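Residue strings, one per chain:
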Amino acid sequence: MRFRSFRARLVVVFVGLFAVVLTISLLVVAGFLRAAARGEIGEELRLAGTLFVRQLDARSQQLVGAMRLLSGDFALKTAVATADHETTRSVLDNHRRRIGADVLMLVSLDGAITADTRPSAQRGATFALPRLLEEAEQTQDPTWVVPLDGGLVRLTIVPVLAPDPIAWLCAGFSIDDRTAAELRRLTGLHVSFLRRQPEGFTVQASTLETAERVDLERGLADARKSGIIRIQGAQHVARAEQVAADVLVVLQRPLTEAFAPYNRLFWILAAVGGAGLVLSILGAILVSRRVSRPVVTLAGAAERVAAGDFDTSVSVPQSDELGTLAENFNEMVAGLRDRERVRAALERAERLKRFFSPQVAEVLSAGDESVLASHRREITVVFCDLRGFTAFAEAADPGEVMQLLRDYHAILGPLIARYEGTLERFTGDGLMVFFNDPVPCPDPALRAVRLAVEARDAVQQLLDGWRDRGYTLGFGSGIAMGFATVGRIGFEGRFDYAAIGSVTNLAGRLCQEAADGQILISASVYAEVERAVEAMPLGELTLRGFPRPLLAFSVLSLRAHAPLPAGSSASSGDARGAR
Amino acid sequence: MKRRPSVAPLLVALALLVAGGTGPAIARAPGVDAVVTDQAGKPVVDAVVTLTPVGGSPSALRPMPAVMDQVNKEFVPAVLPVVVGTPVSFPNRDNIRHHVYSFSPAKKFELPLYIGTPSAPVVFDKPGPVALGCNIHDWMVAYVYVVTTPHFAKTTADGHAHVEGLPAGPYEARVWHPRLRGEAVAKPITLTEDEEGRVTFSLTLRPDARPVPRREPYEGQQSG
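Residues numbered from 1 in each chain as written. Chains lettered and ligands numbered in written order. Predicted model: local features only at pLDDT ≥ 70, side-chain atom pairs only at ≥ 80, totals over all residues.

(A) Expanded view of the nonpolar core. Of all hydrophobic cores here, the largest spans 113 residues; its most connected members are A:Leu169, A:Leu251, B:Ala34, B:Val49, B:Leu132, B:Val144 and B:Val163. When near neighbours in sequence (up to four residues on either side) are disregarded, B:Ala34 contacts B:Val49, B:His160, B:Ala161, B:Val163, B:Ala173, B:Val199 and B:Phe201. Ranked by size, the runner-up nonpolar core spans 54 residues in total, among them A:Val382, A:Val449, A:Phe475 and A:Ile521. (Core = buried A, V, L, I, M, F, W, Y, C linked by C-beta atoms within 7 Å. Buried ≥ 20, exposed ≤ 12 C-beta atoms within 10 Å, placed from the backbone. Contact = placed C-beta atoms within 7 Å.)

(B) Here's a closer look at helix α11 (residues 398-418) of chain A. Residues and elements named next belong to chain A. For α11, with 21 residues, the first-to-last C-alpha span of 30 Å sits near the 30 Å given by 1.5 Å per residue. Within the sequence span of α11, burial applies to Leu404, Tyr408, Leu412 and Ile416. Of the surrounding elements, those touching the buried residues of α11 are β11 (375-387), β12 (422-427), β13 (430-435) and α12 (444-468). Glu420 occupies a position one or two residues after α11 and carries a positive phi of about 60°. (Helix = DSSP H or I, 4+ residues; strand = E, 2+ residues; numbered from the N terminus. Expected span 1.5 Å × (residues − 1).)

(C) Just the sheet that holds strand β2 (residues 113-116) of chain A, in detail. Residues and elements named next belong to chain A. Read across the open sheet, the 5 strands follow the order β2-β1-β5-β4-β3; overall the sheet is antiparallel. At either end of the open sheet lies a strand with only one pairing partner, and these are β2 and β3 (143-148). Here the strands of the sheet are splayed against their neighbours by 30° on average, with no regard to which way each runs. Two strands pair when backbone bridges link them, and strand β4 (residues 151-161) and strand β5 (residues 165-175) are joined in this way by 10 bridges, in the antiparallel orientation. In the sheet register, Thr156 faces β5, and the bridge partner there is Ala171. (Pairing = 2+ DSSP bridges. Axes fitted to C-alpha atoms, helices over the stretch in contact; angles between N-to-C directions.)

(D) Geometry of the packing of helix α7 (residues 255-306) of chain A against helix α8 (residues 321-353) of chain A. Residues and elements named next belong to chain A. Between α7 and α8, whose axes approach to 11 Å, the crossing angle comes to 10°. Considering their axes alone, α7 and α8 lie roughly parallel with respect to each other. For the pair α7 and α8, the contacting residues are Pro294, Val295, Leu298, Ala301 and Val305 in the first and Leu322, Leu325, Ala326, Phe329, Val333 and Leu336 in the second. Of the residues assigned to the contact of α7 with α8, the class counts are 11 nonpolar, no polar and no charged. (Parallel < 35°, antiparallel > 145°, perpendicular 65-115°, else oblique. Nonpolar A, V, L, I, M, F, W, Y, C, P; charged D, E, K, R; others polar.)

(E) Here's a closer look at the confidence of the model for chain B. Taken as a whole, chain B shows an average pLDDT of 82; of its residues, 81% reach a score of 70 or greater. Scored below 50 in pLDDT, residues 217-224 of chain B shows 5 contacts in the model against residues more than four places distant or in partner chains. (pLDDT = per-residue confidence, 0-100.)

(F) Examining the interface of chain B and chain A more closely. Contact residues are listed per partner, giving 8 residues for chain B and 10 residues for chain A. For the side of chain B that touches chain A, the secondary structure elements donating two or more residues are β11 (128-134) and β12 (137-147) of chain B. In terms of residue class, the side of chain B that touches chain A is built from 4 nonpolar, 2 polar and 2 charged.

(G) Just unusual backbone geometry, in detail. A cis amide bond links A:Ala162 with the next residue in sequence, A:Pro163, at an omega value of -15°. Assignment of secondary structure puts A:Pro163 in the loop between β4 and β5. For the bond from B:Val76 to B:Pro77, the omega torsion is -5°, close enough to zero to count as cis. Mapped onto the elements, B:Pro77 comes out in the loop between β5 (74-76) and β6 (79-83). Positive phi, close to 50°, is recorded for A:Gln232, a residue that is not glycine. Owing to 12 C-beta atoms within 10 Å, A:Gln232 belongs among the exposed residues under this scheme. One non-glycine residue, A:Glu420, lies in positive phi territory at about 60°.

Below is the structure:
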């Protein structure tokens, strides 16, 4: 689980880094795009504005040209000069149609309207914009955008020359929603004409809807300042051009529409980035798998080792740190395996040492344990115990009892080990040792006797101290020789190595018979050690459990020239156990 | 030798005629020098200066035939001052037709497309300025200024006009120009026998705004 998250972490780190870089670059690109878009849109609007004004100018020039042609018409001059009002009006109406004007009127040199195509026209009324007549005299471009009759008109004023000016010819072209729509077709921008009123600019003609016009009027000040205006909740880029003293033209375009190509570019970039992200996720998963696979392998192996499986080894065929780690891991596991083997061997040896001398135990632990399987063999059995121990144990305090046993065992233990005896059992003061099994030794009887003699001497010294303190204690021993069935007995968790046969009974009986300081041996034992010991025949003894009396001897001492028992069974050339 | 007897009685007759017209008691003044400048102080050419006696009987007018030529698609002269009743002929010296017209209140007339000299001259029988145009050449503009006094003159390029042969006495001097704003300007002046009268006028003129160039480049000197 942890390594899965390690892998996940790798993926997250890779992908996260990529995502961060991607996001930053996308943001930067988006910022640049926006700035570029703003700049370009601003420039586009500026150009459109300039073009628009030029367009208006060009249209005005056209109108002026057309008007000059009209004014030069002889029929018109004649009509004007003859002052035939109805004819003049009719001529004007005809000429109005010629140039497509919405209104055409004739104004006398002193500023009175003498003829007018408007239905509401009042003959003789004063021309509403006398200032323009003065300007018309001076300028080469006699055209203006002016408010007239509640709307906006483009007014062109040229003199009627006959050949001196005899009147002014004024043509008006309404600037209405249709005009705005035509201009929108030309520029692709929303076009609005606004006129300054006492309460502020109001839209006179526009391509916008009514509600949008209200927004435009309201946001005009902002639009002129920042070039951005909010129309019906949407941002528009806007540009205002002054086309007359009190008349503005506002060109505008929705920002979203203007940004559309840039947004498309942005989304293409985002899609490419997204694809890159997906690829990087896949790549990161692949890479992280590759990187984490040996780690996961090592982790699994480590778990198995922790569970005790020392035969684990990992294979990471890489020449990098992980490869080295795997090699070291394998070496480490090999080391653990060896140590475990040694530990197991030592454990077994420890177990064996309970029954056998260290030397024997080592031999056993090095080999197989099949020697412990049940078998029949001739062994020499030594029994020994303390006389009067039961009474002592009851009389003395427990500390003293345990002290005595400790000292007693401390004497016997090393001796048993030294003579390589197999300790079958000990019960308080009594214990049983046998020789020639499970590892045969050359002179089991002699070893048994020497063990008993040395034990007797040492224990007697120990007991002297206790006797001085008023306790009646003694040491007796019995040794017998014969075949017995030997092997492991017991149950799982508690096994003993035991010898079953009359020889053990005999040794036990002889031990019981022995007085303090006596070592009783059977005839067969005596026959083996006759030349090495001084012994006194005791004649035939009748022993419980034995139908016939048996010859027994009491060992007095070891003969001085008697050969010492070999240090180990291996040093002996004569293996009696093989018999 | 034969000519002299015939000249002398003619001169006498002329002298008698002149003396009889003005009366023997009235002495001649040396004349008037009028100077006309515009609002910028520059001399004004083709301004018509007239002198009308104040009080007394008006001077007798003797209309003489006058000519307004059309040469090289221009009227010549640009300004023609005449007394009331003067017949003016309009000879066309170009090889194309012209269409001369006037819508001025003093004289409305029209000479539709013609070539050569129309048989009948146009008689200018009312005082006042008459603007002449050609219907097929917008730049062709000329003026006939019809006056009610025999004492008038036209300024030359230096802005001076000399009126001569005037009896001494009080006069009203007036000036008129095609581009003058409003009415002719009037100034009183009294002429004496021994000194030339002087009068100056400073006029406010409209800009010279002819509708199109006088001459199209491709027309060259067609009938120079």
